[in-house]
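Spelled out from the first residue to the last, the chains are:
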Amino acid sequence: MARWKNPFRASGRDEALDREIAYHLDELTKANVAKGLGADEGRRQAVIAFGGPEQVKQQLREVHTSAFLNRMAFNLKSAMRFLRRSPSLSAAVILVLAVGIGANSAVFSAMDAVVLRPLPFPDADQLVVIYQHDAKNRNANHFVAPVRLEDWNRMNSTFQSISGYYTDDLSETSGPLPEKVSEALVAPRFLRVMGVSPLLGRDFTADEERFGGPDAVLISYRFWQRRFHGDPEALSQKLHVSTFAYSIVGVMPPFFSVPNRDVDLWAPSPPDAPYAQRRDSTWFTVIGRMKTGASLSEVLADLRTVQSRLGAQFPTPDAELTVQAMPLKETVVGGVKDSLWLLYGSVSLLLLIACSNIAALLLARTADREHEISIRFSLGASRGAITAQLLTEVFTLAVAGSLLGLVTAAAAARAFHLLSDQLPRAEEITLNWRIVIYSLACALTTTMLCGLLPAIRGTRKQLAHSLAQTSRTQVSTRNPLQWTLVGVEIMLAVTLLTGAGLLLRSLEELSRVSPGFDQSHVLTFQVTGSWGETADMKTLVQRIDRNLEGLRSLPGVEDAATAAMLPGVPSLYQLEFKIDEHLDPNRKILADSRAVSFGYFRTMQIPVLAGDACKQRTTTADVIVNRSFADRYFGGWNPIGHRLGPATENFIPAGTIRGVVGDAREQGLNTLPLPTVYWCFSAPDPFPNVLVRTRGNPSAMAEAVRKRIHEIEPGRSVYGMMPLQMHLDEASFENRLRTILLTLFAGSAVLLACIGIYGTLNYLGRIRQREVGMRLALGALPRQILARFVLQGFRVTALGCAAGLILSLGADRLIEDMLYGVSTLDPQTYAGVVLLIVLVATTASLLPAWRAARVEPVRVLRQD
Amino acid sequence: MAPLENADLLQGTLDMLILKVVALGPLHGYGISQRIRQMSNEVLNVQQGSLYPALHRLEKRGWLVAEWGESENGREAKFYQLSHEGHRQLGKEAATWERMAEAIRLILGAAAQEG
């Protein structure tokens, strides 16, 4: 027998044994000496009497060998033997668990990195984003004026400090070609609020944060690698960005991606600049670090008090404004949280199904082993010992499964990285010890879920008596427990399937939608510009119009236009309007406000229903409305010629309605067209989206377009060039991804449920062979037997279906917000799911039923 | 009485004897073997090769509690002491032994009468 040394404190124990034995020997020797023997002889006699100290020691060691470890080793060995004996069952179980635990760990790794873990800043939960909110005028603009930011920072009592940022897309011109760089202009104290120090170099000095101070810039790790190949000498270099020559003072660490991962540079935006003093200018997205222990509601109350004091001091515009705040993490991951939870819920259901499936398989297995178990009982094994052995078998399988699952999860983590454009924080998803522990916990839970039931069932006391029975007396035992498990599998599979079905139906509805514009053959891009250009609007408009003219004259281009927002990519800028100076207080006129240039409606092929499209002008005096707007707010009259403007003072002046265009899903393909007001204005910002309608494939025109812009504006760079269709695909990417994944999970669930039905019927067919043989011998027809088996499967399927549908009614409400054009009670989906399940389940039960009915009575009855 | 050399104690009997001896007070291994010999009027001479494994087994089962202490001659020795469970176990085993001995005596007595 292999000797198991106790691995713990083995040497300490040995030493204690030595001391104990030595004492005894000494005492014996002393007694012998007292009897008159010499010291040496006394010692020799003592050793002889003791019977060999080394031998005794070895015996003692064996006493101390941990019984627990011994038992474990034994169980493991017998588990391995068992697994080797039924390789196909073991492989099936391991594979099912690998998929179940793997998928679960993979989604958990994404959940953990994106939703559960704090952002990678010190005390990240203290960081909040603060908005100003113009409740009265429903102004959707949440950006904050630099003066107000400084007021908030000075007057509050619950923040450590407050800072903010806005971004510019600019050209850096110190290289041979102008390169587009994304620059974040930050309010003072920015890095202090984020709690991050530069990897190299230093933060901005107070001097650099003042107007007229030295021009300093921090560069991102990626920009450092790209431009300077990670050379620390970069700190002594200068960057020429638009009209500035910045000294590089520091390099930020690689994980620092605020406001986004594309940002290349951070430069101070001095609050004391003369152009930063207007209270109605809105620039900054504001981030504050709360004091330790402060809660979101406390800081909100504090800021609102501050704002009401400001309102008293500066009635316009501060009196109109209230403050809102949200945890920074919420703004980063908010959107995908629901999708991830949905996926996590689905994979957990899948794992549960896998567990009940395996439990059913193992139940059949333990029933097969009744004989073996009863022999062990009669040899004196305790129920606990046998249960432990059965659980060890399952645990061995589960650990093997979870190890394979970890490989799956590691692959999934790589796949998640590829999605980093769509999934925030995707680069933080890694296979770390948390995931390993999680998947081991999965294995343990699975062991309990799958193994406990068969183990308890298999070791029931009366089984001990089964040794006395011969299998001859075994007539159709009912297997309610096993069928219940199969029913549960079907129930869960139905729930997943209805969820997937609804999402699929909603995608189908979406694909049928006609957006009202034609996104094919449209190329989009942007040209770098700076907010500073807005100081001279006339020149800016001329510059952009010159670009458009140059594009229109390019062969292969049908038309070109600019737009502040891309059509069909979700965005909403809702404003309240008034018509003809007349403001009926009972009638709110709300509409999405979009800025488009001359040529936009032709480029997007949105039909002009009445009046004219946008003309080429340098002011915002012309307005076009869509049909929804005309129908809703003008009733039957002709809107053309009426004056339309924002209900309250705004930087947008009033204009004259020149035309009515068809409704288009500008605000997102999954949103019905809203009443929309188009301002005819080609330069809503310094880098509007340029839309080019091409005759052929839009991607093929990319080089020609890039060259033409470079001819017109050699100092600027073109970026973000891609077909409009790709933008739209990206916008619906999350929707499609979660639909595909959920469908995949639901498919696996149905497959598992089928395996459950198949396995259970197959097993029943085997143990009821004798009964079936008897029946056949007594004159039953094979097809009656077949019908009985199929019907048994069908009954469970029907019950599982019914339970699953009821569960779906509740569960599908969770995805209500993700649906388009289908209700959560969509009868078509439900009917389809039931049909599919019944069909598939019946198919799965046909083969085992047929096999069971094909018994040869004579052969079976002769057995034993 | 003459000592029974190499007497094979009935299985489980040695455990009971140890528990009994230790019940009189904490004792080290050497002391236990001496005490068993004395108390049995030199009849039972426990082999050390079985004494120590038995001691450790009883300790592991929780019937004995071991502690290092100073022996009567001032040396460090491992002392065994009866635990609460050990006390109960001793009672059980003694009762079983009584019944068994009585039964054996009855059989042997009857056999003697017949013979």
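Just above sits the structure.
In short, a report on the structure. (Residues numbered from 1 in each chain as written. Chains lettered and ligands numbered in written order. Predicted model: local features only at pLDDT ≥ 70, side-chain atom pairs only at ≥ 80, totals over all residues.)

## Quick word on the overall build of chain A
- Helices and strands together make up the secondary structure of chain A, namely 25 helices and 21 strands.
- Sorting the 864 residues of chain A into buried and exposed places 40% on the buried side.
- Considering only residue pairs separated by 6 or more positions, chain A has 83% of its internal contacts joining residues 24 or more positions apart. (Helix = DSSP H or I, 4+ residues; strand = E, 2+ residues; numbered from the N terminus. Buried ≥ 20, exposed ≤ 12 C-beta atoms within 10 Å, placed from the backbone. Contact = placed C-beta atoms within 7 Å.)

## Description of the overall build of chain B
- Secondary structure assignment for chain B yields 4 helices and 3 strands.
- Reading chain B from its N end, one meets helices and strands in the order α-β-α-α-β-β-α.
- For chain B, the proportion of its 115 residues judged to be buried stands at 28%.
- Across chain B, contacts joining residues at least 24 apart in sequence account for 52% of those joining residues at least 6 apart.

## Brief notes about helix H14 (residues 433-458) of chain A
- Over its 26 residues, H14(A) runs 36 Å from end to end, which matches the ideal 38 Å to within 8%, given 1.5 Å per residue.
- In H14(A), a bend of some 40° at Gly451(A) exceeds every other bend along the element, and Pro454(A), a proline, comes one to four places later. (Expected span 1.5 Å × (residues − 1). Bend = angle between axes of the 7 residues up to and from the residue.)

## Thoughts on the interface of chain B and chain A
- With 14 residues of chain B in contact, the opposing surface of chain A contributes 12 residues.
- Put simply, the parts of the chain that give the side of chain B that touches chain A at least two residues each are helix H2 (29-39), helix H3 (48-61) and strand E3 (76-82) of chain B.
- The dominant element in the side of chain B that touches chain A, judged by the number of residues it contributes, is H3(B), at 7 residues.
- Looking at side-chain class alone, the side of chain B that touches chain A contains 4 nonpolar, 6 polar and 4 charged residues. (Nonpolar A, V, L, I, M, F, W, Y, C, P; charged D, E, K, R; others polar.)

## Section: unusual backbone geometry
- Here the residue pair Val258(A) and Pro259(A) is connected by a cis peptide bond, since its omega of 5° sits within 30 degrees of zero.
- A positive phi angle is found at Gln605(A), which is not glycine, with a value near 55°.
- Mapping Gln605(A) onto the fold places it in the loop between helix H17 (600-604) and strand E15 (608-611).
- Even without glycine at this site, Asn41(B) takes up a positive phi of about 55°.
- Assignment of secondary structure puts Asn41(B) in the loop between H2 and H3.

## Things to note about the environment of Arg716(A)
Residue and element names in this part refer to chain A.
- Relative to the helices and strands, Arg-716 resides in the loop between helix H19 (702-712) and strand E21 (718-723).
- Taking the C-beta count within 10 Å as the criterion, Arg-716 has 23 such neighbours and is therefore assigned buried.
- Along the primary structure Arg-716 and Leu-170 are separated by 546 residues, whereas in three dimensions their C-alpha atoms are 7.7 Å apart.

## Here we look at the sheet that holds strand E2 (residues 64-70) of chain B
Residues and elements named next belong to chain B.
- Spatial ordering of the open sheet is given by E1-E3-E2, a layout of 3 strands whose pairing is antiparallel. The open sheet has two free edges, formed respectively by strand E1 (27-28) and E2, since each of these has just one partner strand.
- In the sheet, E1 pairs with E3 via 2 bridges, with the strands oriented antiparallel. Looking at the pairing, His-28 lines up with Phe-79 of E3.
- Seen against the sheet, helix H1 (residues 13-23) touches E1, E2 and E3 and runs at an angle of roughly 100° to E3. (Pairing = 2+ DSSP bridges. Axes fitted to C-alpha atoms, helices over the stretch in contact; angles between N-to-C directions.)

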